[in-house]
Amino acid sequence: MCNLPPGTVLPGLNVKQRFTPLYLIFERCLFSVILLPAVSVLIFGGLEALRGGFATIYLGQSATPQAVANIREELGLNRPVVTRYVQWLGKPVKGDFGTFWTSKTSAPAIAQAVVRDQQA
């Protein structure tokens, strides 16, 4: 039994020891604030580093230069890298998770998969 009045700080205990669950939550949130941007830069950089560019990969090695230029224009690959990165980051925030190569938007497909998993 402790005879200390409420609110008294126990000697020898630091903040981490006194508030372990809250400190853990704070630590994980801080870690995610650092990790998420780093991972997004790595993913975007990996997509940018594709040999021959995305348009060439998308069309195949036998693509004509005109076809590659058309795809680059259509997909906006001619814009500056920073502009594309900011737009790439902003789309999921708005609920736009992109389109599949089969020209279907991904949001309905994700919703169908979630519903299917809920029913199983």
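Treat the numbers as computed from the prediction; the structure is a model and nothing was measured.

## Points about the overall build of the protein chain
- For the protein chain, the count of helices and strands is six helices and zero strands.
- Ordered by position in the sequence, the α and β elements of the protein chain form the string α-α-α-α-α-α.
- Buried residues in the protein chain amount to 10% of all 120 residues.
- Carbon and sulfur atoms make up 66% of the accessible area of the protein chain, which amounts to about 10,000 Å² in all.

## A closer look at the packing of aromatic side chains
- Per the counting criterion, the structure on display carries three aromatic pairs.
- Ring-pair connections join several aromatic residues into one group, and the members of that group are Phe44, Tyr85 and Trp88.

## A few points about a nonpolar patch on the surface
- Together, Phe31, Leu35, Val39, Ile43, Leu47, Leu50 and Ile57 give the surface a local cluster of nonpolar side chains, amounting to about 580 Å² of exposed area.
- The biggest single contributor to the nonpolar patch is helix H2 (residues 20-48), with five residues.
- Note that phenylalanine 31 resides in helix H2.

## A look at the confidence of the model for the protein chain
- In the predicted model, the protein chain carries a mean pLDDT of 79, and the fraction of residues at 70 or more is 76%.
- Element-level mean pLDDT values for the protein chain span from 66 in helix H1 (residues 15-18) up to 89 in H2.

## Observations regarding the pattern of salt bridges
- Evaluated as defined, the whole model comprises one salt bridge.
- Of the charged contacts, one joins glutamate 48 and arginine 84 as a salt bridge, the two residues approaching to 3.0 Å between their closest N and O atoms. Placement of glutamate 48 in helix H2 and of arginine 84 in helix H5 (residues 81-93) is noted, with a sequence separation of 36 residues between them.
- Given the relative accessible area of 32%, glutamate 48 is considered partly exposed.
- A residue is classified by how much of its surface remains accessible, and arginine 84, at 11% relative accessible area, is buried.

## Observations regarding the packing of H2 against H5
- Packing of H2 against H5 brings their axes to within 11 Å, and their N-to-C directions diverge by 125°. In this view, H2 runs oblique relative to H5, as classed from their interaxial angle. Taken as a pair, H2 and H5 cross one another with a handedness that is right-handed. Along the contact surface, H2 presents Pro37, Ser40, Val41, Ile43, Phe44 and Glu48, while H5 presents Val81, Arg84, Tyr85, Trp88 and Leu89.

## Digging into the side chain of serine 40
- With respect to the helices and strands, serine 40 occurs in helix H2.
- Accessibility expressed as a relative area gives 11% for serine 40, which makes it buried.
- In terms of polar contacts, serine 40 uses its side chain to reach the backbone carbonyl oxygen of proline 37, at 2.9 Å.
- Other than its neighbours up to four places away in sequence, serine 40 contacts Tyr85, Trp88 and Leu89.

Criteria and thresholds
Per-chain numbering applies: the sequence of each chain, read as written, is numbered from 1 onward. The predicted nature of this model means local features are confined to residues of pLDDT at least 70 and side-chain atom pairs, given and counted, to a pLDDT of 80 or more, with totals for whole chains, interfaces and linings taken over all residues. Note that the side-chain values use all heavy atoms of the structure and ignore hydrogens as well as water. Starting at the N terminus, helices and strands are each numbered in turn, a helix being any DSSP run of H or I of at least four residues and a strand any DSSP run of E of at least two. In this scheme, a residue with accessible area under 20% of its type's maximum is buried, one over 50% is exposed, and one in between is partly exposed, where area comes from a 1.4 Å probe on protein chains only. What sets the accessible areas is the Shrake-Rupley method with a 1.4 Å probe; for residues, cover comes only from the shown protein chains. In this scheme Phe, Tyr and Trp rings, the latter by its six-membered ring, pair at centre separations within 6.5 Å, and the angle between planes marks the pair as stacked below 30 degrees, edge-to-face above 60, and tilted otherwise. Like charges are joined within 9 Å and nonpolar side chains (Val, Leu, Ile, Met, Phe, Trp, Tyr) within 5 Å, but only among residues with over 30% relative accessible area and no salt bridge; these make up the patches. One speaks of a salt bridge when a side-chain nitrogen belonging to Lys or Arg is within 4 Å of a carboxyl oxygen belonging to Asp or Glu. The pLDDT value expresses, per residue, how confident the predictor is, ranging between 0 and 100. Throughout, an axis means a line fitted to C-alpha atoms (over the contacting stretch in the case of helices), and angles, computed between N-to-C directions, take values from 0 to 180 degrees. Orientation categories follow fixed angle ranges, with anything under 35 degrees roughly parallel, anything over 145 roughly antiparallel, 65 to 115 roughly perpendicular, and all other angles oblique. For any pair of crossing helices, the crossing counts as left-handed if the nearer helix is rotated counterclockwise from the farther one by less than a right angle, and right-handed if it is rotated clockwise. We call two residues in contact whenever any of their non-hydrogen atoms come within 4.5 Å of each other. As used in this structure description, the phrase polar contact means that two N or O atoms lie within 3.5 Å; if the pair is within protein, one of them must be able to donate a hydrogen and the other to accept it, and residues adjacent in sequence are counted only when both atoms belong to side chains.

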